[in-house]
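An overview of the molecular structure
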Amino acid sequence: MKRCKTLSMRVISCLFLLLFNIAGVKAQQHVFVETESFEDKGGWVIDQQSFPVIHSSYLMAHGMGRPVKDAATTVSFAKKGKYRVWVRTKDWAPFPKGPGRFQLTVDGKTLSPVFGESGNDAWKWYDGGEVDIQKEQVKLSIHDLTGFNGRCDAILFTDNAKFIPPASNEALTAFRSKLLNLTAAPKDGGNYDLVVVGGGIAGTCAAISASRLGLKVALIQDRPVLGGNNSSEIRVHLMGDIDKNHYPKLGRIVREMDNGDPGNGNPDAKEYGDARKIQIVKAEKNISLFLNTHVYKIEKGNNKITAVIGRNIATNQEYRFTGTYFSDCTGDGTVGYLAGADYRFGRESKSETKESLAAEKADSFTLGTSNLWASVPTDTVSSFPATPWALQFSDEYHIDEAKSDWEWETGFGNFNTIYQAEQLRDHNLRAIYGNWSYLKNNKKDKYAKNALAWVAYIGGKRESRRIIGDHVLTQMDIQDGVQYPDGCVTATWTIDLHFPQEKNSQYFQGQEFFASTKHIRVAPYTIPYRCLYSRNITNLFMAGRNISTTHVAFGSTRVMRTCGMMGEVVGYAAFIGKKHNTSPKGVYEKHLSELMGIIKD
Amino acid sequence: MKRNIIIVVLMVLAVCARAAGNGDSLRTRSYTVRVNDTSTFTLKLAFDKNETPVYYYRNIFTPVCLTGECKPVYINLYWDLLGNYVRYDFPPGEILTKADHRPFKPDDYTKLQGILANTSSIFSELQMADLIAPGTENLADSADGKTGATPKKLKTEVIEGAVYTCFTIWHLANGPVKKEMEKITAGYKSNALLHQFLQSNNHHYQYWAMERVMDKEGNITKGHESDIKYIISGNNLFTARYALQKAAPRFFVADTMQLWLWSTYQQATYPLQNAILKKLAEVKMGSELTTRLAANLTASNNEQFKLMLAALNAQRQLPPQAMRQIAGYLEDPGPGDAAALYALLKKFKPDNEVKNKLKQYETQHPQNEL
Ligand SMILES: Cc1cc2nc3c(=O)[nH]c(=O)nc-3n(C[C@H](O)[C@H](O)[C@H](O)COP(=O)(O)OP(=O)(O)OC[C@H]3O[C@@H](n4cnc5c(N)ncnc54)[C@H](O)[C@@H]3O)c2cc1C
């Protein structure tokens with residue numbers, strides 16, 4: 001096996017020479033190209049949300065119905081000659097055939113197959129035919145034909161006409177790792193007092209809070225922006241009050257993050273202040289910020305995490321971050337899950353928690369994932385294509401709205417938030433585009449001059465795993481207003497548990513995409529510090545929507561100002577932990593008054 | 001304005017008049033609707049030249065009051081025959097004004113129509129008191145939330161400066177009067193009206209009439225078969241699917257019906273196609289339809305392959321031509337599944353040609369794979 005020099009650091013096209021042991025079988029050349037590493041992404045975007053399933057990011061043509069610009073890169077070939085091209089893609093909306101069509105151009109020649117319309121929604125390798133490579137460096141581009149979310153994971157050139165790339169996830173992951181040379185040791189990402197994984201509001205606040213007390217902090221976020229659901233990629237506004245705090249000091253960092261209230265799904269990206277959030281973090285000399293880095297592996301010993309491994313979602317370069325404390329602010333509870341932390345997914349039963357709002361039976365029902373969208377009025381009439389592959393609407397039932405709000409939501413146990421993140425997003429897109437196409441073509445009086453300004457392609461998640469701490473917050477804690485000695489973050493949001501809207505269920509049973517809620521008002525209450533660290537992984541904190549609560553209590557704790565304050569507390573606790581060389585639990589057991597002292601002062 | 005007006009008595013005043021406010025000269029009939037012990041109002045039903053009822057309307061005069069100050073509103077509301085709000089207009093010279101007495105702008109009138117036509121408006125959950133309750137402005141806005149009357153939500157759903165006007169008219173348009181109209185219309189039920197409803201493209205009419213021309217088993221009253229076909233092949237997926245699912249399988253047994261269903265399938269949207277395929281599993285298919293289905297077995301995707309296969313599997317017998325066609329896919333089942341095709345063919349009596357194909361398949365797929 002031999003690793004070949006790539007043309008550019010960022011292009012992971014690697015020539016792979018496989019020498020079979022069996023005599024007589026000739027060496028084969030593989031050139032493996034990850035699309036997310038293309039030098040010029042054109043109008044294509046990187047999607048890493050399916051990493052837990054396909055172990056890779058991919059490129060997607062998110063053009064809201066208008067073909068996007070080609071993505072292009074240069075690929076190096078060590079050997080000239082005939083190669084078979086394989087393209088890894090899927091038909092994301094096979095009803096019966098999806099709209100995500102695209103073509104491949106190699107050295108100026110467009111290959112004849114059209115990809116993305118196979119009628120099969122599994123990620124697969126498709127035969128692209130044969131090409132004759134007569135140059136060392138060849139330009140490769142992918143050409144979108146529709147603007148409707150065609151996607152391509154990787155491209156393989158092989159000089160062995162009979163070679164079929166691995167189909168199964170495990171085999172492909174191994175193959176991919178070898179060809180991308182990911183089997184080599186990751187680069188050193190540094191050693192920190194606190195490694196925060198997930199740069200949503202919770203993670204960002206945790207990092208800032210710790211760094212301001214002098215801790216050396218890594219903040220690792222798998223998107224190019226900070227803010228999570230409050231970023232311009234998802235566009236949810238911050239809720240939860242900070243002016244009713246038991247401890248008024250909390251919320252200061254949250255306030256800095258707050259970019260004003262643009263509502264949900266505002267068509268103007270700037271309203272969400274991505275750049276400002278990054279500036280604030282970059283101004284902290286103790287924070288090393290790693291954007292575009294997805295953590296997917298951890299190392300541990302004796303129930304203690306020693307390192308997390310992150311992979312750059314574009315270059316696939318891997319980094320290893322070591323640290324004293326780790327904070328799982330991924331929303332998905334990924335770090336805890338990888339480390340073997342106790343966690344919960346879905347709803348507990350009434351008999352288990354004694355909560356009046358709990359489900360009769362425990363199940364895997366979670367609140368849903370949203371892809372918000374907005375249209376804007378324009379001066380001229382515009383058209384939008386028919387979308388036969390999308391959900392279908394009629395005069396009898398459609399959503400008569402020019403923009404979305406939180407109710408556009410899919411999940412509710414029909415799909416798994418983590419492992420079906422792609423299907424969830426795609427279902428949301430089918431609802432959005434189907435409905436929009438209906439409005440544009442059948443309600444011209446109202447919508448002829450409206451044009452889609454923005455549709456999220458990153459799903460906004462509400463509920464995933466909840467890592468279990470030394471305390472699990474319940475409905476009774478909230479409604480009885482129990483003030484534990486370690487009660488720190490004040491929460492004010494209602495118990496806000498969504499369910500499919502009745503009418504939407506009637507028309508789209510099992511495929512609901514529109515939600516309702518009942519707000520159960522609560523008096524301000526405090527969340528104990530013990531909900532913010534794992535009960536069995538000894539150096540793991542949590543902040544955000546994946547803290548230790550029941551499903552019912554999560555209904556109230558998940559709003560972002562509240563999540564941000566959890567982050568602030570985690571920062572303080574890590575500081576005290578370090579000072580006394582103790583674990584998060586040790587802080588509770590031996591140094592609680594000192595922690596509460598910082599919070600109070 | 002109280003939400004729960006109780007309409008106690010319905011008095012028919014067979015007064016003939018001309019429909020007001022719409023220029024044409026339709027004959028009308030007036031009904032007196034009693035709201036409570038002391039008040040009634042007049043609801044009018046307009047008829048066309050053939051004496052068929054066409055719509056309801058009401059000439060309204062109502063005070064809209066806000067903290068003690070009231071202003072009169074004159075407006076005419078129109079409903080379809082089942083009491084679904086359709087439109088509004090005004091008696092000559094009347095307009096709407098806002099709190100500061102400024103008249104509505106053209107955009108406000110357009111917006112008003114949207115507000116009144118929205119049956120799930122936020123107003124449906126609100127009482128007048130909610131709008132003027134002190135502290136409304138302090139309600140936390142949704143996290144997610146539609147916390148009832150959040151000021152923000154209200155802003156997008158009402159005309160600023162005319163919240164009470166919108167609220168009052170919305171409740172007049174969408175209130176309990178709907179039930180009274182349904183009752184009156186029921187008294188006019190006739191074959192002609194049912195035809196008209198079924199062919200109307202008004203889904204409220206269609207559902208209402210379907211309830212009356214189809215029994216529990218889905219048998220269709222004689223004379224209304226083509227009305228049901230019209231709905232199934234129409235462009236409202238939801239009424240089409242409902243009619244299709246409700247119709248008795250027997251309705252689709254005749255050859256001509258099966259050919260019609262097949263051509264409907266070819267024009268249908270994907271979800272309706274699937275509904276048709278599901279229905280076929282309950283229907284005894286003739287050889288013509290079976291053969292066409294077999295010919296298309298691998299033309300679509302895996303989901304439709306499975307549905308078609310289930311329909312074929314549900315038959316007592318398959319015509320030889322269809323069997324041959326299916327055997328032809330054993331080698332390349334496209335989005336389908338060869339093992340499932342094999343199992344299907346084994347179930348029926350294959351002719352020699354098919355038997356040979358099955359044998360071939362068996363040799364290529366030794367026993368343990370089958
Ligand atoms: C449509 C919608 C409406 C909502 N309405 C409101 C509202 O009005 N107000 C409100 O306050 N809340 C609202 N919520 C809830 C709220 O947004 C979430 O509960 C909140 O985002 C939780 O914050 P967080 O920081 O824990 O997680 P997130 O915002 O999810 O942030 C986690 C971040 O971690 C990153 N990440 C995940 N895994 C990894 C990994 N392995 N490696 C590196 N990075 C990773 C993610 O990309 C993400 O950016 C809403 C949610 C949705 C989806």
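The residue numbering used here restarts from 1 in each chain and proceeds along that chain's sequence as written. Lettering for chains starts from A, numbering for ligands starts from 1, and both go in the order in which the items are written. Predicted model: local features are reported for residues with pLDDT of at least 70 only, side-chain atom pairs are reported and counted for 80 or more only, and whole-chain, interface and lining totals are derived from all residues. For the side-chain quantities, the full set of heavy atoms in the structure was used; hydrogens and water were omitted.

What follows is about the overall build of chain B. The secondary structure listing takes helices from DSSP runs of H or I that are at least 4 residues long and strands from runs of E that are at least 2 residues long, numbered from the N terminus. Secondary structure summary: chain B contains 16 helices and 6 strands in total. When each of the 370 residues of chain B is scored for burial, the buried share is 47%. Put simply, 57% of the contacts in chain B that link residues at least 6 apart link residues at least 24 apart. Working definition of accessibility: Shrake-Rupley area with a 1.4 Å probe, residue cover restricted to the visible protein chains. Only carbon and sulfur atoms are counted for the fraction: they give 52% of the accessible area of chain B, which is about 18,300 Å². Throughout this description, buried means an accessible area under 20% of the type-specific maximum (1.4 Å probe, protein chains only), exposed means over 50%, and partly exposed covers the range between. Any pair of residues with heavy atoms lying within 4.5 Å of one another is described as a contacting pair.

This part is about the overall build of chain A. Along its length, chain A carries 14 helices and 28 strands. Its C-alpha radius of gyration of 25 Å places chain A within 12% of the 25 Å reference for a compact globule of 601 residues. The principal-axis extents of the C-alpha atoms in chain A amount to approximately 75 × 60 × 45 Å. By residue count, 64% of the 601 residues in chain A fall in the buried class. Sequence-distant contacts in chain A: of pairs separated by 6 or more residues, those separated by 24 or more amount to 76%. In the form shown here, chain A has an accessible surface area of approximately 21,800 Å², with 50% of it arising from carbon and sulfur atoms. As used throughout, the charge tally considers Lys and Arg to be positive and Asp and Glu to be negative, leaving His and the chain termini uncounted. Note that the charge is assigned to NZ on lysines, CZ on arginines, CG on aspartates and CD on glutamates. With 73 positive and 64 negative side-chain charges, chain A shows a separation of 5 Å between the mean positions of the two kinds. The globule rule used here is 2.2 Å times the number of residues to the 0.38 power, and the radius of gyration it is set against is calculated over C-alpha atoms.

On to the nonpolar core. Side-chain atoms within 4.5 Å are what join buried Ala, Val, Leu, Ile, Met, Phe, Trp, Tyr and Cys residues into a set we call a nonpolar core. Residues B:Leu43, B:Leu77 and B:Phe252 are the most contacted members of the largest nonpolar core, which totals 131 residues. Residue contributions to this core peak at 8 residues, all from helix H4 (residues 163-174) of chain B. Leaving out residues up to four positions away in the same chain, B:Leu77 has contacts with B:Tyr56, B:Tyr57, B:Arg58, B:Ile60, B:Tyr85, B:Arg87, B:Tyr88, B:Leu116, B:Ile169, B:Leu172 and B:Ala173. Core analysis: the next-biggest nonpolar cluster, separate from the first, contains 82 residues, A:Val196, A:Ile220, A:Met542 and A:Ile547 among them.

Now for the interface of chain A and chain B. Each partner contributes to the interface: chain A provides 30 residues, whereas chain B provides 27 residues. When two parts are brought into contact, each loses some accessible area as probed by a 1.4 Å sphere; the total of that loss over both is the buried area. Buried area between chain A and chain B, summed over both chains or domains, comes out near 2,000 Å², and the portion from carbon and sulfur atoms is 51%. In terms of surface lost to chain B, no three residues of chain A exceed A:Gln392, A:Glu396 and A:Arg521, which account for 26% of the buried area on that side. The salt bridge criterion pairs a side-chain nitrogen of Lys or Arg with a carboxyl oxygen of Asp or Glu, the two atoms within 4 Å. Viewed at the interface, chain B and chain A are joined by 0 salt bridges. A 3.5 Å cut-off defines polar contacts: any pair of N or O atoms within that distance qualifies, except that in protein one atom must be a possible hydrogen donor and the other a possible acceptor, and neighbouring residues in sequence count only when both atoms are side-chain atoms. Applying the counting rule to chain A against chain B returns 4 residue pairs in polar contact (both at pLDDT 80 or more). Split by residue class, the side of chain A that touches chain B holds 12 nonpolar, 8 polar and 10 charged. Three residue categories are used. Nonpolar comprises Ala, Val, Leu, Ile, Met, Phe, Trp, Tyr, Cys and Pro, charged comprises Asp, Glu, Lys and Arg, and polar comprises the others, including Gly.

This paragraph deals with the domain arrangement of chain A. Residue and element names in this part refer to chain A. The domains assigned to chain A are domain 1 (1-28 + 164-184), domain 2 (30-162), domain 3 (189-345 + 464-494 + 527-600) and domain 4 (369-460). Here the C-alpha centroids of domain 3 and domain 4 sit 32 Å apart. Counting from both sides, the interface comprises 15 residues of domain 3 and, opposite them, 19 residues of domain 4. Approximately 1,300 Å² of surface area, both sides summed, lies buried where domain 3 meets domain 4, with 59% of it carried by carbon and sulfur atoms. Of all residues in domain 3, the largest losses of buried area upon contact with domain 4 belong to Ile234, Asn264 and Pro267, amounting jointly to 36% of the total for that side. Grouping the amino acids of the side of domain 3 that touches domain 4 by side-chain chemistry returns 5 nonpolar, 5 polar and 5 charged. Boundary definitions for the domains trace back to an automatic or database domain assignment.

Geometrically, a packed helix pair is captured by the angle between its two axes and the distance between the axes. All names here are of chain A. Convention adopted: a line fitted to C-alpha atoms gives each axis, helices being fitted over their contacting stretch, and angles between N-to-C directions are expressed from 0 to 180 degrees. Packing of helix H3 (residues 201-212) against helix H5 (residues 274-282) brings their axes to within 10 Å, and their N-to-C directions diverge by 25°. One way to sum up the angle between H3 and H5 is to call them roughly parallel. Considering only the axes of H3 and H5, their crossing is left-handed. Residues Ile201, Thr204, Ile208 and Arg212 of H3 lie in contact with H5, whose contacting residues are Lys277, Ile280 and Val281. Looking at the contact of H3 with H5 residue by residue, the class counts come to 4 nonpolar, 1 polar and 2 charged. Any angle that is under 35 degrees is reported as roughly parallel, and any over 145 degrees as roughly antiparallel; angles of 65 to 115 degrees are reported as roughly perpendicular and all others as oblique. Two helices crossing with the near one rotated counterclockwise from the far one by less than a right angle form a left-handed crossing, whereas a clockwise rotation gives a right-handed crossing.

Residue and element names in this part refer to chain B. Remark: helix H10 (residues 255-267) packs on helix H11 (residues 270-280), axes separated minimally by 9 Å, with the N-to-C direction vectors making an angle of 150°. Between H10 and H11, the interaxial angle falls into the category roughly antiparallel. Counted together, Leu261, Thr264, Tyr265 and Gln266 of H10 and Gln273, Ile276, Leu277 and Leu280 of H11 form the full contact between these two elements. Here the residues of the contact of H10 with H11 sort into 5 nonpolar, 3 polar and no charged.

Two cysteine sulfur atoms make up a disulfide if the distance between them is within 2.5 Å. Evaluated as defined, the whole model comprises 0 disulfides over all chains. As a non-bridged cysteine, A:Cys488 has A:Cys531 as the owner of its nearest cysteine sulfur, 8.2 Å distant.

All names here are of chain A. Considering all chains together, one arrives at 48 salt bridges over all chains under this definition. Residue Arg311 is joined to Glu318 by a salt bridge in which the shortest nitrogen-to-oxygen separation is 2.9 Å. Exposure class is identical for Arg311 and Glu318. Each is buried. Counted as one network, the salt bridges with shared partners bring together Asp47, Lys90, Arg151, Glu422, Arg425 and Asp426.

Residue and element names in this part refer to chain B. By secondary structure assignment, the location of Asp108 is in helix H1 (residues 106-117). Take Asp108: its relative accessible area is 11%, and that puts it in the buried class. Sequence-distant contacts of Asp108, defined by excluding residues within four places in its chain, comprise Lys98 and Ile159.

Residue and element names in this part refer to chain B. Of all the residues in helix H5 (residues 177-186), the buried ones are Val177, Glu180, Met181, Ile184 and Thr185. Down the axis of H5, the buried side of the element spans an arc of 135°, and every buried residue falls inside it. For H5, the exposed residues set more than 90 degrees away from the buried face come down to Lys179 and Lys183. By construction, the arc corresponds to the directions joining the helix axis to the C-beta atoms.

The next thing to look at is the sheet that holds strand S5 (residues 71-76) of chain A. Residue and element names in this part refer to chain A. Reading across the sheet, the 4 strands line up as S5-S10-S7-S8 and stay open at both edges, with antiparallel pairing between neighbours. Looking along the sheet, the strands with just one partner apiece sit at the ends: S5 and strand S8 (109-110). For two strands to be treated as a pair, DSSP must find no fewer than two bridges joining them. With 2 bridges joining them, strand S7 (residues 102-106) and S8 adopt antiparallel strand pairing. When the bridges of S8 are listed, Thr105 appears paired with Thr110.

Once that is clear, we can look at a nonpolar patch on the surface. Together, A:Tyr337, A:Leu338, A:Tyr343 and A:Tyr419 make up an exposed nonpolar region whose accessible area comes to about 330 Å². Along the chain, A:Tyr337 falls in helix H6 (residues 334-339). In this analysis, a patch consists of residues with relative accessible area above 30% that form no salt bridge, clustered at 9 Å for like charges and at 5 Å for the nonpolar side chains Val, Leu, Ile, Met, Phe, Trp and Tyr.

The linkage connecting A:Phe95 with the following residue, A:Pro96, adopts the cis geometry, with an omega of -5°. With respect to the helices, strands and loops of the structure, A:Pro96 is situated in the loop between strand S6 (81-89) and S7. With phi around 70°, B:Asn201 is a residue other than glycine that occupies positive phi space. By the element assignment, B:Asn201 lies in the loop between helix H6 (191-198) and helix H7 (203-213).

Next up on the list: the confidence of the model for chain B. Residues and elements named next belong to chain B. When pLDDT is averaged along chain B, the result is 86; 84% of the residues meet or exceed 70. Confidence of the prediction at every residue is given by pLDDT, a number between 0 and 100. Here residues 133-149 is a poorly scored stretch, pLDDT under 50, and it has 52 contacts once near neighbours within four places are set aside; other chains count. Reported confidences for the modelled complex are a pTM of 0.92 and an ipTM of 0.89.

Residues and elements named next belong to chain A. Look at H3: 16 Å from first C-alpha to last across 12 residues, which is about the 16 Å you get at 1.5 Å a residue. The buried count for H3 comes to 11 of 12 residues, which makes it a mostly enclosed element. Along H3, the residues that are buried comprise Ile201, Ala202, Gly203, Thr204, Cys205, Ala206, Ala207, Ile208, Ser209, Ala210 and Ser211. Following H3 by one or two positions, Gly214 has its phi on the positive side, about 95°. Given the number of residues in a helix, its expected span is that number minus one, multiplied by 1.5 Å.

What follows deals with the packing of aromatic side chains. Two rings from Phe, Tyr or Trp (for Trp, the six-membered ring) form a pair when their centres sit within 6.5 Å of each other. Planes less than 30 degrees apart are called stacked, planes more than 60 degrees apart edge-to-face, and all others tilted. In this structure the tally under the stated criterion is 54 aromatic pairs over all chains. Aromatic side chains A:Phe290 and A:Phe321 sit 4.7 Å apart centroid to centroid with 75° between the ring planes, which places their arrangement in the edge-to-face category. On the criterion of sequence distance, the pair formed by A:Phe290 in strand S14 (residues 287-290) and A:Phe321 in strand S17 (residues 318-328) is long-range, its members being 31 residues apart. Looking at A:Phe290, the relative accessible area reads 18%, which means it is buried. Measuring from centroid to centroid gives 5.2 Å for B:Tyr207 and B:Tyr242, while their planes differ by 80°, and the two rings are edge-to-face. Of the two residues, B:Tyr207 is situated in helix H7 and B:Tyr242 in helix H9 (residues 237-246); the sequence distance between them amounts to 35 residues. Comment: the charge-over-ring label is applied if NZ (Lys) or CZ (Arg) is within 6 Å of the ring centre and within 35 degrees of the ring normal. Across from the ring centre of B:Phe41, 3.7 Å away, lies the NZ or CZ of B:Arg58, which sits over that ring.

Residues and elements named next belong to chain A. Positionally, Asp153 belongs in strand S11 (residues 148-158). Judged by its relative accessible area of 0%, Asp153 is buried. Not counting residues up to four positions away in its chain, the partners in contact with Asp153 are Glu34, Thr35, Glu36, Ser56, Ser57, Tyr58, Arg88, Trp123 and Arg176.

Averaged over chain A, the pLDDT score is 94; the fraction of residues at 70 or greater is 96%. Below a pLDDT of 50 lies the segment residues 1-25 of chain A, which in the model reaches 62 contacts outside its immediate sequence neighbourhood of four places, other chains included.

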